[in-house]
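Now for the letters of each chain:
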Amino acid sequence: MRWLLLKDLQILRRSPLLLALLVAYAVVIGLPVGYGISAPPSKPKVAFYNGVAKQDNAFDLGGREVDASRYAEELFEDIDPIRVDSREAAIQAVKDGEALGALVVPSDITQQLQNATELPGIAEPPTLEVYYNADNPLKRRYVEQTVEARLAEANLALSGEVTKVAANALEVLLDGGPFPLPTGTIDVLGLKRANLALEGVRDGLAQDDPQRAAVQNVIAFAEVAIQSLDFAGPVLGAIAAPIKVNTNEVEGGSGTLEGFAVAAAVTIALMFVAVLLGAGMLALEREEYAFGRLVRGLVRPTSLLVEKMLLGALCAFLVSAALLGLLAVFQPVSLSRAPLWLPALVLGAAGFSALGVAVGALTRDVRAASLLSFLLSLPIAALALIPSGTLGDVAYDAVRGVSAAFPFKPTLTALDAGLNDAGSLGLPLLHLAALTAAYLVLARLALRRFGAR
Amino acid sequence: MRAEAVSKSYGSRAALKAVSFAADRGEVVALIGPNGAGKTTLLSILAGIQEPSSGTVSVGRKEVGWVPQQPAVYRKLSVGENLRLFARLERVADREAVVERMLELTGLAEREGDELGKLSGGNQQRVNIAIGLLAGPPVLLLDEPSSSLDPRQRARLWELISRLAREEQTTVVFSTHDVGEAERYADRVLVLADGELLFEGSARALEEAVGSPQRDFEAAFVAFLRNRGH
């Protein structure tokens, strides 16, 4: 086996163009796909017209000055604004295809906000204008959802401000103190102090004074009011943020998007090199007519398969390790975690190479082996990258079943776990070991069936 | 070497039907017959590449040198590297000496360092034969060894094979479509058709069997097959 391995390495060394193409192909495909699948969609371009003069941005809310433009900024987190000078220009930008949508803030929005807070339920709520380009339904939905989600955030932030003002007003009503009004600040007695004053009045009245029962009634009412308003404070706080989000991960760990991109890029490179070499180098034995000569007593067929698997795995490991080293310049790749990601790289390479050897055992020449490798590799990678929740239960179970039969998913999971601490490592490694053994058995059976050809 | 009632079936199709024959040391035997007669199947069973469905072969794989129809060599390796690799795999004792001898025998000593893919088909075939001879087998099986060679290369090939049989007492069994070669270089011919061994004997005996000794061997061969319904 050693001599065959050396022979194959020598053949590869004498095929520099082929080798360079294989490595370049793996890297050129691996990097963009890896980053493409993990990059968030780019921010949509949205034309933005703010009709409010800068000095008119603030409005009074219960005596507090609130800057409305601060809430508009919420929108810019998810969109790429193209600032224009008029509503017409904003709409034109959408028509011209320069922007996917337009957001128009009317000049009286501050007044509308002021009215809404002063006359809730009577005044019209403040209204923003949104225009979409409907030529691409997918993009339209994306812009629509982005703007709506961001407006919901802005509404929530504004309602928080209103709640704070209301809570402050309640506090003044209860405890008394200064309260700002448009006409000036007034001193409010407050229910608690009023209650104390009433108790003083009551105690100053004779026991049989007919006024005493009436004062006692007012004191009782004040106490109920104090208790109720004491309770109202926390209730208002709860209304300001009615739902708290507690995020939990059911599967996976604490991996980052960048880390996942590295794992995906390396997995794709590993797949192409290992599958193509495993398949191609075994098929080459047939194409060179050496296979029959080798297996008639010089080498056992199983040894030949293991040798090709080791060759493919070794080369794929070297290419992927080099790629990982290159990526480490730009991305966080922890060398201290090498004892975790190295086994993932080794077993991933072995799994893919064993798959390649099985492909090579089924084909007669290098061209057929390469074609079959491509035909197999691209869909298994695509299937393994389908996220949960995008398909129905039955379809997703089928996709998971198919993905489990190939090394892409377990290699990606193992590399993600090894590189990024994203989930458990043991199970995918066991999965890869089992797949490697299964593909070698499949290759051996294929050789028995087609070996004499 | 002796083959006893060797049969081979692929599903319901019988490729060989109870073929028996023997070949002595130093004897050169030609297998001739139309396409699909079973020549390559018989040779591959004798070489140990395929198992027969029934019947026995008296020699083991280690005693047989196998020269397939297409040169079974690595075109990216040099002549010397090919010979050394297969000598290692054959576990040849004095590897370098044997490789040198093969280079001399095939007349390729000066091209030892040349990449095989850059050699002519004839020279590739000579390396193919040399690899089959590396372990010094008592039996050499060749599947259409001259099919890709020009006349000059053919002459050199048969000179080499005849020398092996004569000087090394190697038993040589070869298949060919060129019945003239069979007549010229074989001591005995075996005629196979549809997996059946129809004739075993010298070229002259085949001509006599057809009943027109004045005709040439190729015409006698065609007539023989026609008479037997092939």
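From a predicted model like this one, the values you see are computed outputs, not experimental measurements.

About the thresholds
Residues numbered from 1 in each chain as written. Chains lettered and ligands numbered in written order. Predicted model: local features only at pLDDT ≥ 70, side-chain atom pairs only at ≥ 80, totals over all residues. Heavy atoms only, no water. Helix = DSSP H or I, 4+ residues; strand = E, 2+ residues; numbered from the N terminus. Buried < 20%, exposed > 50% of the residue type's maximum accessible area, 1.4 Å probe, protein only. Contact = heavy atoms within 4.5 Å. Areas by Shrake-Rupley, 256 points an atom, 1.4 Å probe, with all protein chains shown as cover. pLDDT = per-residue confidence, 0-100. Axes fitted to C-alpha atoms, helices over the stretch in contact; angles between N-to-C directions. Parallel < 35°, antiparallel > 145°, perpendicular 65-115°, else oblique. Left-handed = near helix turned anticlockwise from the far one by under 90°. Nonpolar A, V, L, I, M, F, W, Y, C, P; charged D, E, K, R; others polar.

1. Looking at the overall build of chain A
For step 1, the next point in the chain: Of the regular secondary structure elements, chain A holds 16 helices and eight strands.
For step 2, the next point in the chain: In chain A, which comprises 453 residues, the proportion classed as buried is 41%.
For step 3, the next point in the chain: Of the contacts made within chain A by residues no fewer than 6 positions apart, 75% connect residues no fewer than 24 positions apart.
For step 4, the next point in the chain: Approximately 23,700 Å² of chain A is accessible, and the part contributed by carbon and sulfur atoms is 62%.

2. Considerations on the confidence of the model for chain A
For step 1, the next point in the chain: Residue-level pLDDT values for chain A average 82, and 85% of them are 70 or greater.
For step 2, the next point in the chain: When the elements of chain A are averaged for pLDDT, helix 3 (residues 69-76) of chain A gives the smallest value, 66, and helix 12 (residues 338-362) of chain A the largest, 93.

3. Quick look at the packing of helix 9 (residues 257-287) of chain A against helix 13 (residues 366-384) of chain A
All names here are of chain A.
For step 1, the next point in the chain: Remark: helix 9 packs on helix 13, axes separated minimally by 8 Å, with the N-to-C direction vectors making an angle of 155°. Overall, the two elements helix 9 and helix 13 adopt an arrangement that is roughly antiparallel. In the packing of helix 9 onto helix 13, the handedness of the crossing is right-handed. Residues Met 271, Phe 272, Val 275, Leu 276, Ala 279, Gly 280, Ala 283, Leu 284 and Glu 287 of helix 9 form the contact with helix 13, whose participating residues are Val 366, Arg 367, Ala 369, Ser 370, Ser 373, Phe 374, Ser 377, Leu 378, Ile 380 and Ala 381.
For step 2, the next point in the chain: The residue makeup of the contact of helix 9 with helix 13, split by class, is 13 nonpolar, four polar and two charged.

4. Re the packing of helix 2 (residues 79-89) of chain B against helix 4 (residues 121-133) of chain B
Residues and elements named next belong to chain B.
For step 1, the next point in the chain: The N-to-C vectors of helix 2 and helix 4 enclose an angle of 20°; their axes lie 9 Å apart at closest approach. Comparing the axis directions of helix 2 and helix 4 gives the class roughly parallel. Our pair here, helix 2 against helix 4, has a crossing hand that is right-handed. Residues Val 79, Asn 82, Leu 83 and Phe 86 of helix 2 form the contact with helix 4, whose participating residues are Val 127, Ala 130 and Ile 131.
For step 2, the next point in the chain: Of the residues in the contact of helix 2 with helix 4, the class split is six nonpolar, one polar and no charged.

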